[in-house]
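# Report on the structure
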Amino acid sequence: MDKKKGLLNVIISIIFKVFLLVGAIVVRRFLIQYAGEDVNGLDSLYISIIGFLSVAELGVGSAITFCMYKPIVEEDNDKVSALYRLFVKLYLIIGAIIFVAGCLLLPFLKYLAGGYAEINQNLYLTFFLTLVSVVISYMFSAKTSLINAYKNNYITTSITSSGQLVQYGLQILVLVLTRSFIWYLVCKIVAALLQWGATELAVRKKYHRIIKNKQKIDADTKKEVTKNVKAMFMHKIGGVLVNSADSIIISAFISVVILGRYTNYTTIVNAITGVICLFFTPLTSIIGHLCVQEDKSAVSKYLNFFHTFNFIIGTIFFLGYYAIIDNLVTICYGGGGSLELSKWISFIITLNYFIQFMRQATLLFRDATGTFYNDRWKPLIEGVLNIGLSIGFVYLFRFLFGDDFAVVGVIVATILTNLFICHVVEPHVLYKYGLNRKPTGYYIRNYIYIALFAACLVALQFCLQTYTNEWKELLVNGSIAVAIAVVPSIAVVAADRNFRHYVKMLMGKIKRKLKKASAEGNDSESK
């Protein structure tokens, strides 16, 4: 495995994600303060709708990088060039489809924004600006995928993240000066154009021969690409029906204001998840090359290691999130507590995101091994079931517990579909078609991990302290959460010999490098 490049990808990604996390929270605070809580909800709705429309993307990005792994390893530049040219055409078509679909949706926006009449904004112009900013990103997506296929994710991460940071700075400036939601959205377009320009320069400098080499794709490769794209299309539909549909349902069936408050919580948890997922996603291309070069046994051991690592990282971060999230919402967004949701809603949000996060190791190896074709029908079933359950549970929870708990019904639906569809089908397909093994051990370990976390979450609820000072409460409860998280983490490390082996091997390499560096330092001093 190319560990140096993998480590570089992870480090660069984590550094930028931390800045982006802070930036996203600060921008949302300014948006609420200067434009209003209803505009915050409207912005969240637009992002969800665009995510729904982006089903046209068909998962081409994952299909691109997977198809390019083998020719890159074999240094077949002609085939890489042919694939690149094919994907440029595909992305241009996709961008056009999303743009047209978005324009056709304009007349129906007022039905999706609950409480629209109370919002003093031009619904159609503001959505159109959001649509344009997203469509621009498809103009250079093929170049981004080309860079990532060569395991240089740190380049695309630097470009994308720098563009977003510029966007945040401009948005804060225009909100303070104009309080205008329209100019706030124009800043997204400016940032997208800057990212486009930077990506063009990077590709032309580093991969000039690839993009200038005018090769045509052969029939067999085109057939393979088509197969993978169709499979990823199904996965994309499932992801959209689960994630974007949840926000749209909350807006349409509850209200856009409640969506705004819910999004305050999910913005923070998505930022946290985005950071910890960087221990996984930048390694996709590295694992992909590994799967081409090594046998199934070695790949299986890496999967077991990442699964346990998945649990440890998730337990620490998500217990911490639950302990401090209400304080964070007040501190980050203001409102003096008026923006906080019920603690039980926080509980359900935390459990939902942990359960989704526990899929990371499996999804990493699924994309790397190309087994996403074999469970292509799973996401569609998951998505349709999730929408049906979400709408039904909104009415059920509203009837049983009142309007404030209607949002819980949407989250519970997502939890159920994750537990009984995703956590069953995805490991089965990966082990059967990617690793040629039975997933029995994985199932037992995985559901034990989820049960352990749920038990720790309940225990944490009874240990939380209440203080009048927000910062004191945050620090005390955060410390309690970390202390509780240590217990299951130590337990799984003690029970997992494979994990201890890799940690011991890693620590040994670090010690050897430190000794070597120390010896070289002593030699230079003696000279």
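Below, the structure is looked at part by part. (Residues numbered from 1 in each chain as written. Predicted model: local features only at pLDDT ≥ 70, side-chain atom pairs only at ≥ 80, totals over all residues. Heavy atoms only, no water.)

Helix and strand content of the protein: 21 helices and zero strands. Within the protein, the fraction of its 527 residues that count as buried is 54%. Long-range pairs, those at least 24 residues apart, make up 84% of the contacts in the protein with a sequence separation of at least 6. For the protein, the accessible area works out to roughly 23,500 Å², and carbon and sulfur atoms hold 64% of it. (Helix = DSSP H or I, 4+ residues; strand = E, 2+ residues; numbered from the N terminus. Buried < 20%, exposed > 50% of the residue type's maximum accessible area, 1.4 Å probe, protein only. Contact = heavy atoms within 4.5 Å. Areas by Shrake-Rupley, 256 points an atom, 1.4 Å probe, with all protein chains shown as cover.)

With that settled, consider the nonpolar core. Counting residues in each nonpolar core, the largest one holds 130 residues, and the members touching the most others are Met-68, Leu-146, Ile-268, Leu-319 and Ile-349. It is helix α14 (residues 296-333) that provides the largest number of residues to this core, a total of 20 residues. For Leu-146, the contacting residues outside a window of four places in its chain are Met-68, Val-80, Tyr-84, Val-203, Tyr-207, Ile-210 and Ile-211. (Core = buried A, V, L, I, M, F, W, Y, C linked by side-chain atoms within 4.5 Å.)

Moving on, we get to the packing of helix α7 (residues 141-149) against helix α8 (residues 153-178). Close contact between α7 and α8 brings their axes to 7 Å; oriented N to C, the two are set at 140°. Taken together, the axis directions place α7 and α8 in an arrangement best described as oblique. Between α7, through Thr-144, Ile-147 and Asn-148, and α8, the contact on the second element is made entirely by Asn-153, Ile-155 and Thr-156. (Axes fitted to C-alpha atoms, helices over the stretch in contact; angles between N-to-C directions. Parallel < 35°, antiparallel > 145°, perpendicular 65-115°, else oblique.)

Attention shifts here to the packing of aromatic side chains. One pass over the structure, following the stated rule, counts 21 aromatic pairs. Geometrically, the ring pair formed by Phe-318 and Phe-357 is tilted, given 5.7 Å between the ring centres and 55° between the ring planes. Taken together, the residues span a long stretch of sequence, with Phe-318 in helix α14 and Phe-357 in helix α15 (residues 343-357) at a distance of 39 residues. Taken together, the aromatic side chains of Phe-311, Phe-318, Phe-354, Phe-357, Tyr-449 and Phe-453 make up a single cluster linked through ring pairs. The ring of Tyr-322 carries the charged tip of Lys-343 above its face, separated from the ring centre by 4.3 Å. (Phe/Tyr/Trp six-rings, centres within 6.5 Å; stacked < 30°, edge-to-face > 60°. Lys NZ or Arg CZ within 6 Å of the ring centre and 35° of its normal.)

This next bit is on helix α18 (residues 406-435). Here α18 is 30 residues long and its end C-alpha atoms lie 42 Å apart, about the 44 Å a rise of 1.5 Å per residue gives. Bending of α18 peaks at approximately 35° at the position of Asn-418. With 23 of 30 residues buried, α18 is to be regarded as a mostly interior element. Immediately downstream of α18, the backbone of Asn-436 shows phi near 55°, a positive value. (Expected span 1.5 Å × (residues − 1). Bend = angle between axes of the 7 residues up to and from the residue.)

By themselves, these observations are geometric and do not establish any function.
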